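A closer look at the structure
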Amino acid sequence: MDKFSNFNPKVCFLFFVFTVLLILLNFNPIFLCVSLLSGVIYNAMLQGKKTFKTFFMFLLPFTLLVGIFNMAFTSYGVDILFSISNKNFTAEGLSYGLCQGVMFSSVIVWLSSYSYVLSSDKFMSVFSKLAPNLTLVLTMTLSFIPRLRKNAQEINDARLNVNTNQSKFKKSLDNFSSLVSMTLEESIEVSDTMRARNFNSSRKPYSKYRFNLDDGIVLLVLLALSISCIVLNSLDKAEFIFDPEIKMLSFSPIFLILYTIYMFLPVIINISEGIKWHFLKQKI
């Protein structure tokens, strides 16, 4: 059970916003590895073993591909790995590309966790009071994506053995036409349902999520950690360069500790909750 996702949606949303921001701000291989490791571990807590399968089958090859691609199309650096037709392939170019791949992979992993933690109703509760109409439109639009996939699969299965002599292009056009018609019909049904239920955008939005003491404590902790990391980053406390050579210009252990605690905050909360339940079971 994920304890972190039970906190107020506003707290969870702010955490993911600052997480992505910190990943993009700290282009340091040590910090990027911490971001990726924490993201993979938390995602595994949410979705199980398939996270590791996704990591080894998609994210790891993607990271290596970005590193090789950057090395192939850049020429900076002094540490030459090998040369082909007077073209030097440097360790600096490869390292910079690998860091880019790790950064993109970290963002992908954390956004995957975001989609699992913040459902559509939680997303609506975050912005319902600020922009209720816009939030409703965004939520309904995003909800159409899985619905379109489901409808497309149903249409494809239903027409699998119909007109088998048709070309793939013609069959795809027919399936797409059916999908558009089904989508428009569902949109009209949703509109009629909302009108029948007397939907009024001027009404005060309802949210079942309440902000309690635990939410306030976690919010203060994540704000303190994230703001501290942003300030330390602006002071260049973990500056790392790749051109003309790989070199760490500055490093702050305190910065790394604060950054690590922030990135592992959901994992720490879940582990502490598991330990708490373990001791409570022993007392029974």
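Basis of the calculations
Note that residues are indexed from 1 along each chain, following the sequence as it is written. Since the coordinates come from a predicted model, pLDDT governs what is reported: local features require at least 70, and pairs of side-chain atoms require 80 or more to be given and counted, while whole-chain, interface and lining totals use all residues. As a rule here, side-chain values cover all heavy atoms of the structure and leave hydrogens and water aside. Pairing between strands is defined by DSSP: at least two bridges between them are needed. Every helix listed is a DSSP run of H or I at least four residues long, and every strand listed is a run of E at least two residues long, numbered separately from the N terminus. Buried residues are those whose accessible area, probed at 1.4 Å on protein chains only, stays under 20% of the maximum for their type, while exposed residues exceed 50% and partly exposed ones sit between those limits. Polar contact is defined as a pair of N or O atoms within 3.5 Å, subject to the rule that within protein one atom must be able to donate a hydrogen and the other to accept it, and that residues adjacent in sequence are counted only when both atoms are side-chain atoms. Contact criterion: two residues are considered in contact whenever any of their non-hydrogen atoms come within 4.5 Å of each other. Working definition: rings of Phe, Tyr and Trp (its six-membered ring) pair if their centres are within 6.5 Å, and the pair is stacked with planes under 30 degrees apart, edge-to-face with planes over 60 apart, and tilted otherwise. Take the residue count of a helix, subtract one, and multiply by 1.5 Å to get its expected span. By definition, a residue's bend is the angle between the axes fitted to the seven residues ending there and the seven starting there. Axes here mean lines fitted to C-alpha atoms, for a helix over just the part in contact, with angles spanning 0 to 180 degrees between N-to-C directions. To sort the angles, those under 35 degrees are grouped as roughly parallel, those over 145 as roughly antiparallel, those from 65 to 115 as roughly perpendicular, and the leftovers as oblique. Crossing handedness follows the turn of the near helix against the far one: under a right angle anticlockwise gives a left-handed crossing, and clockwise gives a right-handed one. Classes in brief: Ala, Val, Leu, Ile, Met, Phe, Trp, Tyr, Cys and Pro nonpolar; Asp, Glu, Lys and Arg charged; the others, Gly included, polar. Residues belong to one nonpolar core when they are buried, are Ala, Val, Leu, Ile, Met, Phe, Trp, Tyr or Cys, and are joined through side-chain atoms within 4.5 Å.

**Looking at the pairing of strand E2 (residues 87-90)**
In this structure, strand E1 (residues 80-84) lies alongside E2, joined through four bridges in antiparallel fashion. Each bridged residue has a counterpart across the sheet, and for Ile84 the counterpart in E2 is Lys87. Between E1 and E2, which follow one another and run antiparallel, lie two residues, and Ser85 among them has a positive phi close to 55 degrees.

**Describing the side chain of Ser105**
You can see Ser105 is positioned in helix H4 (residues 91-117). The class of Ser105 is buried, set by a relative accessible area of 0%. Looking at Ser105, its side chain comes within polar contact range of the main-chain oxygen of Gly101, at 2.8 Å. Contact partners of Ser105, with chain neighbours within four places excluded, come to Leu36, Leu59, Phe62 and Thr63.

**Topic: the packing of aromatic side chains**
Scanning the model with the defined rule gives 22 aromatic pairs in all. Ring centres of Phe4 and Tyr42 lie 6.1 Å apart, and the angle between their planes is 90 degrees; this geometry places the pair in the edge-to-face category. Here Phe4, found in the segment before helix H1 (9-25), pairs with Tyr42, found in helix H2 (residues 29-47); they are 38 residues apart in sequence, far enough to count as distant. Given the relative accessible area of 0%, Tyr42 is considered buried. Ring geometry for Phe31 and Tyr259: centres 4.9 Å apart, planes at 70 degrees, overall edge-to-face. With Phe31 in helix H2 and Tyr259 in helix H9 (residues 253-263), this pair connects stretches of sequence that are 228 residues apart. With relative accessibility at 0%, the residue Phe31 sits in the buried group.

**Examining helix H3 (residues 50-73)**
Between its terminal C-alpha atoms H3 stretches 34 Å, which fits the 34 Å expected from 24 residues at 1.5 Å a residue. Remark: the principal bend of H3, roughly 35 degrees, maps to Phe56. On its buried face, H3 is in contact with H2, E1, E2 and H4.

**So, the packing of helix H8 (residues 213-234) against H9**
Two elements in contact, H8 and H9, have axes separated by 9 Å at closest approach and are oriented at 140 degrees. Of the possible angle classes, the one that applies to H8 and H9 is oblique. At the point where H8 passes H9, the crossing takes the left-handed sense. Two secondary-structure elements touch here, H8 through Leu222, Leu225, Ser226, Ser228, Cys229, Leu232 and Asn233 and H9 through Phe255, Leu258, Tyr259, Ile261 and Tyr262. Residue classes in the contact of H8 with H9 are distributed as nine nonpolar, three polar and no charged.

**A closer look at the nonpolar core**
Ranked by internal contacts, the top residues of the largest apolar core, which has 47 residues, are Leu222 and Tyr259. Among the secondary structure elements, those contributing two or more residues to this core are H1, H2, H3, H4, H8, H9 and helix H10 (265-283). If sequence neighbours within four positions are ignored, Leu222 has contacts with Val11, Leu14, Phe15, Phe18, Tyr262 and Leu265.

**So, helix H7 (residues 168-196)**
When the terminal C-alpha atoms of H7 are compared, their 42 Å separation across 29 residues agrees well with the 42 Å that a helix rising 1.5 Å per residue should span. Taken residue by residue, H7 has Lys171, Asp174, Asn175, Leu179, Thr183 and Glu186 as its buried positions.

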